[in-house]
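# Residue-level structural notes
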Amino acid sequence: MDFDAVLLPPRRAAMIARGFWCDRTINDDLDACVASCPDKLALIAVSLESGEVKRFTYRQMAAMADRIAIGLSRLGVGRNDVVSMQLPNWWQFTLTYLACSRIGAVLNPLMHIFRERELSFMLKHGASKVVIVPKQFRGFDYEQMIAGLRLSLPGLQHVVVVGGAGDNSFEKLLSEPKWEDALDANEILTRHRPGPDDITQLIYTSGTTGEPKGVMHSANTTMANIIPYAERLHLGADDVVLMASPMAHQTGFMYGLMMPIMLSCSVVLQDIWEAKKAIELIRAEGVTFTMASTPFLTDLAKGVGEGGLGVPTLRTFLCAGAPIPGPLVEHARKTLGAKIVSAWGMTENGAVTLIKIDDDDERAFNTSGCPLPGAEIRVVDAEGKPLPHNVEGRLLVRACSNFGGYLHRPQLNNTDAEGWFDTGDLAEIDDRGYVRITGRSKDVIIRGGENVPVVEIETLLYKHPAISQVAIVAYPDERLGERGCAVVVPKQGQAIDLTDVTDFLKAQKVALQYIPERLVVLNEMPATPSGKIQKFKLRDIVKQSAG
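### Examining the sheet that holds strand β1 (residues 41-46)
- Read across the open sheet, the 9 strands follow the order β2-β1-β12-β11-β13-β14-β15-β16-β17; overall the sheet is mixed. Two strands bound the open sheet, and with one partner strand each, they are β2 (53-57) and β17 (370-371).
- Pairing geometry for β1 and β2, over 5 bridges, is antiparallel. When the bridges of β2 are listed, L43 appears paired with F56.
- Along the sheet face, helix α4 (residues 91-103) touches β1, β2 and β12 (266-270) and points at about 135° away from the line of β1.

See below:
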């Protein structure tokens, strides 16, 4: 695969000179951990369905990463080849990324909620050579799904199945054979190690214009974010991180996979979110830090409050992905005893703004914090001119962690000659430099921290034989932040209900989390004189219909 990360070379000299790019890779940090603390517990992976708990020291983790790396090379994976992986928070996720990093391959993490429609595009666009899936997870057969896609993916050479029974199992191909004892093992593990500017991660954003975009990141862009992030949160080698947010999201990947290794600390992976289990793990493993979206915080605070068991070791809960209601911050602070930190960021640049540990609690629900070192934010008007404090405008970001560009779509990079990236969000910046996200100029819904590709779902619904017009808008939800409502104008003489919409989208193999959960039927859409649907009016209609 040829990666057109055109946004990296122009800023390299400045990033190095200013000390923001450290010119290291995850290989350097893993090797340093093996040298300094080989027997320290690095990873605890907990599977709620099987009950399996797997533990790795840093020595064991590095050895398994080497083994899987050689196994991948035996499958023909080499430098700049894409390995796609649709796994939950299992130990195989972390170890496969480290293995890819050993041989210069690029990991493409895929959310486990994706189905045929999303996967067929991503695997083809990313030219995946290998895809790794669970045999089953939460009652769904992933091996069968991928088998049905093989004919449409001529470049896909191997499907590897975790927990499979055949010759294509992860265990038989990668994790069980002692590949590291082969005569060519050292050569394989050293000849193609990536440099700090090589692409190491290809991760897709939920599409807002009909198709997802492949975000390219290097070691320099990801690590340049993680280092100041950890410093602001006062995290170090003695911390224990709980990661229940999916590692196929940037949240889980950067702060649950990469950060613990960079800090030489320990991480606990939880594959299915259950507050009761999270409380048990926090108490048993001495967890000090976690990061997730608002629903996780809601559930954890409720679980502690109702269960009577506290989480005394938990110092910090970083909440991102949706605004945090003030009452929730107050309740969680009191119930958990932890600092609640708000943040804002994107797949394209990781966390950009965070409140500080010593900030007043109200900053967590009134703002999304101030920029990390190496990041700048600016609010501009429609013409791109900077706006004064406390005035809403388009939010731009220029950061050391900004991505390398969208794979094979440089025309969509939204980055000007000075390095400012247009986030698509609307925001205000106060006189202390703290940002408050006020809306989104891009048409997405954030459901429990997951971006819903509104345009894509609307396009599909226009194919429904009973629908004349459709628009999907957000409505507030106490737990998930937002849910989606489909507003529909039926064709003359036709009727439609929510079941019809749901069944139609399920037949299109759409991820369940993307399917609207309410339906409002109108005789006509509110529209501008030019015919553009006025979604702000639809949001009012949806709100009134709920009342």
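Next comes the rest of the account.
### Quick word on the pattern of salt bridges
- By the definition in use, this model includes 32 salt bridges.
- Because the salt bridges share partners, they merge into one network encompassing D31, D66, R102 and R193.

### Digging into the packing of aromatic side chains
- This model, assessed by the stated rule, comprises 12 aromatic pairs.
- When the ring of F56 is compared with that of W91, the centres are 5.4 Å apart and the planes differ by 50°; the resulting orientation is tilted. Of this pair, F56 sits in strand β2 while W91 sits in helix α4; the two residues are 35 residues apart in sequence, bridging distant segments of the chain. Just as F56 is buried, W91 falls in that class too.
- Ring-pair connections join several aromatic residues into one group, and the members of that group are F56, W91 and F170.
- The positively charged end of K54 is found above the aromatic ring belonging to W91, 5.7 Å away from the centroid.
- Against the face of Y434 rests R363, its NZ or CZ located 4.3 Å from the ring centre.

### Side note on the packing of helix α2 (residues 26-36) against helix α10 (residues 250-263)
- Between α2 and α10, whose axes approach to 8 Å, the crossing angle comes to 50°. When the axis of α2 is compared with that of α10, the two are oblique. α2 and α10 meet at a crossing whose hand is left-handed. Along the contact surface, α2 presents I26, D29, L30 and C33, while α10 presents M258, I261 and M262.
- Of the residues belonging to the contact of α2 with α10, the class tally is 6 nonpolar, no polar and 1 charged.

### Comments concerning the side chain of R232
- With respect to the helices and strands, R232 occurs in helix α9 (residues 219-232).
- Put simply, R232 is tucked away with no salt bridge, and the nearest opposite charge, on D359, sits 6.8 Å away.
- Other than its neighbours up to four places away in sequence, R232 contacts L354, I355, K356, I357, C370, P371, L372 and P373.

### Digging into helix α11 (residues 275-285)
- Within α11 the residues assigned to the buried category are A275, A278, I279, L281 and I282. Along the long axis of α11, the arc covered by the buried residues comes to 165°, so they all point the same way. Along α11, the residues that are exposed and aim more than 90 degrees away from the buried face are K276 and A284.
- Summarising the contacts, the buried residues of α11 are in contact with β1, β11 (240-243), β12 and α12 (294-307).
- In the segment just after α11, G286 is the residue with positive phi, at about 70°.

### Details of the environment of M247
- Here M247 shows up in the loop between β11 and α10.
- With 74 residues separating them in the primary sequence, M247 and L173 have C-alpha atoms 23 Å apart.
- For M247, the contacting residues outside a window of four places in its chain are N89, W90, F93, T94, P109, G252, F253, G256, L257 and L269.

### Regarding the nonpolar core
- Counting residues in each nonpolar core, the largest one holds 162 residues, and the members touching the most others are M61, I132, Y229, M259, L318 and L461.
- Counting 18 residues, the second-largest nonpolar core is a separate cluster that includes L7, F403, A427 and I429.

### Section: the packing of α12 against helix α13 (residues 326-336)
- α13 packs onto α12 with a crossing angle of 45° between their chain directions and a minimal axis gap of 9 Å. The angle between the axes of α12 and α13 places the two elements in the oblique class. The handedness of the crossing between α12 and α13 comes out as left-handed. Residues T294, L297, T298, L300, A301, V304 and G305 of α12 touch α13, and the partners they reach there are L328, H331, A332, T335 and L336.
- Looking at side-chain class alone, the contact of α12 with α13 contains 7 nonpolar, 5 polar and no charged residues.

### Regarding the sheet that holds strand β24 (residues 467-477)
- Spatially, the 3 strands line up as an open sheet ordered β24-β25-β26, and their pairing is mixed. Strands at the two margins of the open sheet, each flanked by one partner only, are β24 and β26 (518-521). Mean inter-strand twist for the sheet, computed between neighbouring axes without regard to direction, equals 25°.
- Across 4 bridges, strand β25 (residues 481-490) lies against β26 in parallel orientation. What sits directly across from V487, in β26, is V520.
- Contacts between helix α17 (residues 535-546) and the sheet are confined to β24, β25 and β26, with β24 contributing the most and set at about 65° to the helix.

### Describing unusual backbone geometry
- Notably, A127 is not glycine yet its phi reads approximately 50°, a positive angle.
- One non-glycine residue, H408, adopts positive backbone phi at about 60°.
- Residue position: H408 is located in the loop between β19 (393-399) and β20 (421-429).
- For H408, a relative accessible area of 41% puts it in the partly exposed group.

Rules behind the numbers
- The residue numbers shown here count from 1 along each chain, following its written sequence.
- Totals for whole chains, interfaces and linings use every residue, but because this is a predicted model, local features are given only for residues with pLDDT of at least 70 and side-chain atom pairs only at 80 or more, for both listing and counting.
- Hydrogens and water are ignored here; the side-chain numbers use all heavy atoms of the structure.
- When DSSP locates at least two bridges between a pair of strands, those strands are taken to pair.
- Strands here are runs of E lasting at least two residues and helices are runs of H or I lasting at least four, both read from the DSSP assignment and numbered beginning at the N terminus.
- The contact definition used throughout considers only heavy atoms, calling two residues in contact when any of these lie within 4.5 Å.
- To obtain an axis, a line is fitted to C-alpha atoms, over the contacting stretch when the element is a helix, and the angle between two such axes runs from 0 to 180 degrees between their N-to-C directions.
- The salt bridge criterion pairs a side-chain nitrogen of Lys or Arg with a carboxyl oxygen of Asp or Glu, the two atoms within 4 Å.
- Pairing of aromatic rings covers Phe, Tyr and Trp, the last through its six-membered ring, and needs centres within 6.5 Å; plane angles under 30 degrees mean stacked, over 60 mean edge-to-face, and all others mean tilted.
- Buried means the residue's accessible area, taken with a 1.4 Å probe over protein chains only, is under 20% of the maximum for its type, while exposed means over 50%, and partly exposed covers the values in between.
- Whether a charge lies above a ring is judged from NZ of Lys or CZ of Arg, which has to be within 6 Å of the ring centre and within 35 degrees of the ring normal.
- Angle categories are assigned with fixed cut-offs, so that under 35 degrees is roughly parallel, over 145 is roughly antiparallel, 65 to 115 is roughly perpendicular, and the rest are oblique.
- Helix crossings are classified by the rotation of the near helix relative to the far one: an anticlockwise turn of less than a right angle makes the crossing left-handed, while a clockwise turn makes it right-handed.
- Under this grouping Gly is polar, as are all residues other than the nonpolar Ala, Val, Leu, Ile, Met, Phe, Trp, Tyr, Cys and Pro and the charged Asp, Glu, Lys and Arg.
- His is not counted, nor are the chain ends, whereas Lys and Arg count as positive and Asp and Glu as negative.
- Each C-beta atom gives one direction from the helix axis, and the arc is the one those directions make.
- What is meant by a nonpolar core is a set of buried Ala, Val, Leu, Ile, Met, Phe, Trp, Tyr and Cys residues, joined one to another through side-chain atoms within 4.5 Å.

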